[in-house]
Amino acid sequence: QVQLVESGGGLVQAGGSLRLSCVVSGITFSITNMAWYRQAPGKQRDLVAVITITGGTNYADSVKGRFAISRDNIKNTVYLQMNSLKPEDTAVYYCNTRYASPSGSWGQGTQVTVSS
């Protein structure tokens, strides 16, 4: 069973940056497509960014050009660099495998709050 520990969130002003990290265990990380998700208060959890085992990336339209996902297969860690943050980016951010089940194993997430 996958275990995930997210970190790096915080309070930042609009236009600022944060870098999230997620340490992954319990799976063969190097052969697993990974993703970042986020859930704003009162909303469903949405996919934000994906990174494949070959390093290919995809982003939600709302974050394209501002966020960058990356991975370190030695450290079993996936990152999310978030630049030009907006108040609407405020959410709890989670990492998981690309097609993680909503009822599956999730970490505690990391809170990102962007003030205007």
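In what follows, the structure referred to is the one given above.
In this report, we go over the structure that sits alongside the text. All of these numbers come straight from a predicted model, not from anything done at the bench.

Here the focus is the nonpolar core. Core analysis: the biggest nonpolar cluster contains 26 residues, and Trp36, Phe67, Ile69, Val78, Leu80, Met82 and Tyr93 have the highest contact counts within it. The element contributing the most residues to this core is strand S3 (residues 18-25), with four residues. Non-local contacts of tyrosine 93, meaning those with residues more than four positions away in its chain, are made with Glu6, Leu20, Trp36, Tyr37, Arg38, Phe67, Leu80, Met82, Gly109, Thr110 and Val112. Listed in part, the seven residues of the second largest apolar core include Ala35, Val50, Val92 and Tyr94.

Moving on, we get to the environment of valine 92. For valine 92, the position within the fold is in strand S9 (residues 91-97). Using a relative accessible area of 19% as the deciding quantity, one classes valine 92 as buried. Measuring from C-alpha to C-alpha, the distance between valine 92 and alanine 40 comes to 6.4 Å, with 52 residues separating the pair along the chain. Every residue in contact with valine 92, bar those within four places of it in the chain, is listed here: Tyr37, Arg38, Gln39, Gln108, Gly109, Thr110 and Gln111.

On to the side chain of threonine 90, then. Its location among the elements puts threonine 90 in the loop between strand S8 (77-82) and S9. Within the structure, the side chain of threonine 90 is placed 2.9 Å from the backbone oxygen of proline 87, a separation counted as a polar contact. Reaching out from threonine 90, the side chain makes a polar contact with the backbone nitrogen of valine 114 at a distance of 2.9 Å. In contact with threonine 90, not counting residues within four places along its chain, are Ala40, Gln111, Val112, Thr113 and Val114.

Strands sit in the order S1-S3-S8-S7 across an open sheet of four strands; the sheet is antiparallel. With partners counted over all chains shown, the strands left at the sheet margins are strand S1 (3-7) and strand S7 (67-72), one partner each. Averaged over all neighbouring strand pairs, the angle between strand axes comes to 15°, with direction disregarded. With six bridges joining them, S3 and S8 adopt antiparallel strand pairing. Along S8, the bridge assignment pairs leucine 20 with leucine 80.

The rules we used
Residues numbered from 1 in each chain as written. Predicted model: local features only at pLDDT ≥ 70, side-chain atom pairs only at ≥ 80, totals over all residues. Heavy atoms only, no water. Core = buried A, V, L, I, M, F, W, Y, C linked by side-chain atoms within 4.5 Å. Buried < 20%, exposed > 50% of the residue type's maximum accessible area, 1.4 Å probe, protein only. Helix = DSSP H or I, 4+ residues; strand = E, 2+ residues; numbered from the N terminus. Contact = heavy atoms within 4.5 Å. Polar contact = N/O pair within 3.5 Å; in protein donor to acceptor, adjacent residues only side chain to side chain. Pairing = 2+ DSSP bridges. Axes fitted to C-alpha atoms, helices over the stretch in contact; angles between N-to-C directions.

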